Each structure stands twice: as C-alpha cells, then as structure tokens.
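Listed below are the residues making up each chain.
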Number of protein chains: 2
Amino acid sequence: MFLITSVERDTGIGRDRLRVWERRYGFPIPVRNKHGKRVYSEQQIRTLQLIKRLLDQGMHPGKLVGLSDSQLNTISQDLSTKNQLKLIINDRMNEFIDCVYCNDTQKLWGLLEQTLIQQGLKTFIIESLAPLITTVGDQWAAGHLNIFEEHFITHQITLFLDSTISKIPVISNTSPVLLATFPGENHNLGLLMIECLLKDKGQLTVNLGIEVPMDQLVMACQRYKSKVILLSFSSAYSNSGLRTELNDLAQQIPDHISVYVGGSGVKKMRKFPKQVILTHRLQNILDLDFS
Amino acid sequence: MFLITSVERDTGIGRDRLRVWERRYGFPIPVRNKHGKRVYSEQQIRTLQLIKRLLDQGMHPGKLVGLSDSQLNTISQDLSTKNQLKLIINDRMNEFIDCVYCNDTQKLWGLLEQTLIQQGLKTFIIESLAPLITTVGDQWAAGHLNIFEEHFITHQITLFLDSTISKIPVISNTSPVLLATFPGENHNLGLLMIECLLKDKGQLTVNLGIEVPMDQLVMACQRYKSKVILLSFSSAYSNSGLRTELNDLAQQIPDHISVYVGGSGVKKMRKFPKQVILTHRLQNILDLDFS
DNA sequence: AACACCATTTTGTCTATAACAAAATAATGT
DNA sequence: ACATTATTTTGTTATAGACAAAATGGTGTT
C-alpha cells in the first residue's frame, strides 16, 4: 500500500535506516510491487510509529526493532507509568488535561488566561505550562491522543503564547537575544516559553522560529547585532551531526557571541564547543545576564 | 566545508538528486574529505539555492544545472521582471512592501488592521493580502529579501490572520470543512486565507495545519464528521507522487466526501481522481456550497 | 489556430551491498 | 567512584544501474 517515501514521511524514519533495519533485524520486511519496489502495510507503519515514539524517549533500536506489537506495547506502558510518577499532577493540571481530552478550546483559553493572571507569567510558564506540555506529550506517546489532537492543542498554546508575547512591552534597547531551532527541529513551544520569560525580564528578543538554516542564523546575528543565540532541541530531534553543526556555527560567528542550547534533545550531550553553553532547566535562563 | 546532509537541508535538494546531478550535469562537483565523503563549498550551496529558487518557479534542471552563476542571475532577473509586469502594484501595496523592507512590525499591523476595516474581510484577503504574499515571495525569489526576513513577515501575517479568525463568530452547526496540507508542504498562509473566507461565509472549519499525515487526515475526517477536505499546495511543493497520494486518499475516505485542491503547486496538474476537484482561484472557494 | 494523441527525452527515485565513522555500552584500570 | 579504553551498535554514505513518471516535441484532426 505504501512506498518507502511515504513510510519515511509518516514515521520520521529515513529510507536508508528502514532498509538497514530490514537487513539487520528482519523488520520491517515489506512486500514488493511489480517493479520490485518495497511496499509497506498500514500495520507495519503503525508499529514503526510506535518504535519511533520509544526511540524518541531514549530507547535503542537493538532492543526494540523486531519485537512483537504486544511486547512493544508493554515497554511503552512501563515507560509511560514511569514518566507519570515523576510528574506531580495537581488539580489544576487535571483541569487542563480534561480540556485536552474534550477538545474544548473555549474552556482551555479561559483556564490559560485565568491561571496566567493568578500565577503571574513566570510561575505560569515554569510551573503550569511546561508540565502541561510534558503531560500532553506523554499522553500522545502513550497513544491516548491522536497526532492531530496533539497538534491542535499545541497550536492553541502557541497562539496563546504569541498573543501573550505581543502584549509584553519592552523598553530596553540593548541588543536582542536571538531565538531559533536548527533545521530538522520543528517544535517551537520551547522557544516561545523562553521568549516569554526573557521579555518578562525586560530582555529584547528576536524569535527566528523553527528550522533556521545556519547561514540565515549567522546573517540575522549580524543584522540584529545580537550577542546571544538561544537554540532549543526537543527529544524528537535526532541528528548525529549535531556536534559538527554546533562546531560549524561556532566557527561562523564572532568569538564574543555566546550560544546557549537547551531542551531534552541535548540534555544527554557532553563536551560542547567553546562559546556553546548547555542550560539544563528553564529556570536557569532567568538567572542569565546578557548585558 | 559542508557534508551532503547539510547541503540537503540548506537547499531542499535531496541526496540522490545531488549525486545524480553531479553525474549528469557535472555540477555540483564536491571535493572529498579523507574518508571519501563529498564536501561542498559555501559557494556551491549558494548556487544550488539559486537553482532551487528557479526550479520552484517552474524552470527545469536541464536548462539550469551547470550554468555559471552570472547566467543563472540573468535568468533570475528576467523571470523577476516578467513576474512584476503581471502584478498591479498600487499605492497601498507599496506601503506594505515598505514595511517589509523596514522590518516595521508596528506599522505593518496598523496597515493590516486599517486595510481590513476599509475593505472588509473578503476584499482584504483577495485583493490585498494574496497579492502582498505573492509580492513578498517574488522579492525573496529575486534575492531582495533574506529568508529570515521573509519568515518574519510570513509569521506576522500568520499571527494577524489567526487573531482575525478567532474573532469571527460562527453560528452554523453544519459539519466542518477540514483544512490541511500534505507532508512536505509547510506553507500555511493559503490555508489561513481560505479558513478566513469560509468562516466569513458562516462555514464551520477545522484547520489541521501543515504536514498532516494521511492517516491523521482520515481519522480527523471521521472524528469531525466532515464532508469536505481542502488541501493547499504552494509552488515550492514538489512531490512526484502527488497523484498517487491523492489516489490513496480517495481510496481511504468514503465516496460522499469531496476533496478540493488548490494553490500554485497543483495548477499545472491535469486529470485528478474522482472526488478530487481543482479550484483555480481563491475566489472560487466562495462560490462553493458545502451544504 | 486550438486541441487531443503518441513518441521521445528528461528527471527523480529506488535498488543492492559494502564500508566505515560516530555514538553507546561494556570492560578495564586507577 | 571515576576516568580511560575496547567493543558493539547504529546511522549514513558510496557506487552504478534501472526504470517509472513527468515534461517536451511532433503529428494529425477538428
């Protein structure tokens, strides 16, 4: 039913990777059409999506690819309960999650606005929004939410943050902090939360958005006379050449510019190039002084 | 300096394509590092980006790849002037373009709001916003705007449309029209403009956003009980398997559901599957009755 | 001249297998 | 307990040929 390109797009697993898994682990083995091309079944794609979810959470192919669906599901559930234990789910969080399940936009916006006013921007983002986003991600990873439902919620939160950001007045005329993600990383909630926190602190920001090619990053850096670049990496970001790319970036920008990287996609990394600094938690951003 | 993966990401031209161009047209011929891997220069990447721009505008590799930079620039300029002739640039349009050049967000929002109030939503979108977006695209294609500048403007217009959409009250409780783009197509302004027009007509809409995998489209269709799907394709969308994908979609949804496709990415296509209908102009959307 | 139909060229994607660097894990010694 | 080294795992790249789908050109018909 599906050619290898479709599978690549629907699962996020590259062609070469699919072929080498087929040879090494004996999965997925597609049937062939009359031209000898690989044709994958819908079931195989679903299994691959499940595998991808587990890989994104830090598992490794050798221990996943080739297992039966029920075995994979068991692993997924174990991981899911393990994650839930780490997360403190209070009443307010439950209310948010209810909105997500019911797809109730009106109620969600009401709750967001209410919580924002009650807690203030900083607390709201660190203690309410960030855990909420993590929870939604877990729900999706556990298969309790469809992708399109997760997208919908993500979009609503994005709109809320965008409108919040535009309402924060910034008086400072120091050089702006540049925010962006690398090509291949298309999650922007992390960037938006950081932008909020920085603007709240009075820091000028320029958010270049997601998937910014490196040459554009360098040019924007010159254009806006920025001294600080902030890059966000989600857990779904998998680029074996990340270190190389960070080195490239460090080479292309002047020495006095600092690059901060953050997000679960880089938290396991050690040894960064000079100029590049790892920020472990959202809170740390606030302690930084970019003057 | 750059490995083939970086080139793929920075230019949007796939690895296989780069290698086959090298074989066929003798460009780009990279040097090799000590491991025998292809290493491309920054200049080669810039040339490839220029070629990609021209390909997106309908030119063909055989007539481009291998030409010198000056020859490519000549072609680019010819095309640019040809496009400008087709476009009626009035005073208001010039004002908009000035904002784009000056990067003046405040003024841009002011102008957008003012024009929206003066012209009304329908005229605003069809006669002001759509030409503006085309013009910005042309300016980028002609190299007068950096990619990050174009992204910035696109983002501002996106925010403006999103906020406009959220302000339109919809009373109708008929089944919603589903809006989406296929994976590989990441332009959402087309979708947003259509969503505006439909909501203005009183039509309920659900915008699934960009790059929606087909299975998600099918599931959302069931979930929201939609009878109409609208897909948008920009000129940058190049997928040789588009016909196959539309066939797949037509197979996976019930017969009574219609799929409308639009945008410059499909305007040259002939012969669509049953259920799939081509809408040539934005205006046509308004004439449709989805009851 | 406009249009449909067929032949030819162009173009991108896919196949196959081997090779190897980079990342992750295990094993070792201090 | 921690750093260093060996081993395994894993993803990406290389090679060249094949071929379907798209684009182009040419022919004939209305």
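Everything here concerns the structure above.
This structure is a prediction, so every number in the text was calculated from the model and none was measured. (Residues numbered from 1 in each chain as written. Chains lettered and ligands numbered in written order. Predicted model: local features only at pLDDT ≥ 70, side-chain atom pairs only at ≥ 80, totals over all residues. Heavy atoms only, no water.)

### What to know about the interface of chain B and chain A
Next up, step 1: Taken together, the contact pairs 32 residues of chain B with 32 residues of chain A.
Next up, step 2: Summed over both sides, the interface of chain B with chain A buries roughly 2800 Å², with 45% coming from carbon and sulfur.
Next up, step 3: The interface formed by chain B and chain A includes 4 salt bridges.
Next up, step 4: D16 of chain A serves as the salt-bridge partner of R15 of chain B, at 3.7 Å between the closest nitrogen and oxygen.
Next up, step 5: At the boundary of chain B with chain A, the tally comes to 6 residue pairs in polar contact (both at pLDDT 80 or more).
Next up, step 6: Put simply, the parts of the chain that give the side of chain B that touches chain A at least two residues each are α1 (4-11), α2 (15-25), α8 (147-167), α10 (214-224) and α11 (242-252) of chain B.
Next up, step 7: Counting residues per element, the side of chain B that touches chain A draws most heavily on α10 of chain B, which supplies 7 residues.
Next up, step 8: Grouping the amino acids of the side of chain B that touches chain A by side-chain chemistry returns 14 nonpolar, 8 polar and 10 charged. (Contact = heavy atoms within 4.5 Å. Buried area = accessible area lost by both parts, 1.4 Å probe. Salt bridge = Lys/Arg side-chain N within 4 Å of Asp/Glu carboxyl O. Polar contact = N/O pair within 3.5 Å; in protein donor to acceptor, adjacent residues only side chain to side chain. Helix = DSSP H or I, 4+ residues; strand = E, 2+ residues; numbered from the N terminus. Nonpolar A, V, L, I, M, F, W, Y, C, P; charged D, E, K, R; others polar.)

### Digging into unusual backbone geometry
Next up, step 1: Between F27 of chain A and the following residue, P28 of chain A, the backbone shows a cis peptide bond with an omega angle of -5 degrees.
Next up, step 2: The topology assignment puts P28 of chain A in the loop between α2 (15-25) and β2 (31-32).
Next up, step 3: A positive phi angle, close to 55 degrees, is found at K225 of chain B, a residue other than glycine.
Next up, step 4: Inspection of the secondary structure assignment puts K225 of chain B in the loop between α10 and β6 (228-232).

### Some points on the environment of F124 of chain A
All names here are of chain A.
Next up, step 1: By secondary structure assignment, the location of F124 is in helix α7 (residues 121-141).
Next up, step 2: Its relative accessible area of 1% is what places F124 among the buried residues.
Next up, step 3: Taking the C-alpha atoms as reference points, F124 and I229, 105 residues apart in sequence, are found 24 Å from one another.
Next up, step 4: Those residues in contact with F124, other than ones at most four positions away along the chain, are L112, T115, L116, Q119, L129 and F160. (Buried < 20%, exposed > 50% of the residue type's maximum accessible area, 1.4 Å probe, protein only.)

### Quick look at the side chain of T158 of chain A
All names here are of chain A.
Next up, step 1: Its place among the elements puts T158 in helix α8 (residues 147-167).
Next up, step 2: By relative accessible area, T158 is classed as buried at 10%.
Next up, step 3: T158 has contacts with N188, L189 and L192, leaving out every residue within four places of it along the chain.

### Focus on the protein's contact with DNA strand D
Next up, step 1: Taken together, 22 residues surround DNA strand D, and among them R24 and G62 of chain A together with T5, R15 and R19 of chain B come closest.
Next up, step 2: Counting only the atoms of DNA strand D within 4 Å of the protein, the fraction contributed by sugar and phosphate is 75%.
Next up, step 3: R15 of chain B places a side-chain nitrogen or oxygen 2.7 Å from a phosphate oxygen of DNA strand D.
Next up, step 4: Here a phosphate oxygen of DNA strand D and a side-chain polar atom of H60 of chain B are 3.0 Å apart.
Next up, step 5: Elements supplying a minimum of two residues to the surface near DNA strand D: α2 of chain A together with α1 and α2 of chain B.
Next up, step 6: Per-element tally for the surface near DNA strand D: the top contributor is α2 of chain A, with 5 residues.
Next up, step 7: Class assignment of the residues belonging to the surface near DNA strand D gives a composition of 4 nonpolar, 8 polar and 10 charged. (Near = heavy atom within 4 Å.)

### Observations concerning the pairing of strand β4 (residues 177-180) of chain B
Residues and elements named next belong to chain B.
Next up, step 1: Alternating residues of β4 divide into V177 and L179 and L178 and A180, and every residue in both groups is buried.
Next up, step 2: Sheet analysis places β4 next to strand β5 (residues 205-207), joined by 3 bridges and oriented parallel. By the bridge assignment for β5, L179 is matched with N207.
Next up, step 3: Read from β4 through helix α9 (residues 189-200) to β5, the crossover connection turns out right-handed. (Pairing = 2+ DSSP bridges. Right-handed = clockwise from strand over helix to strand, strands pointing away.)

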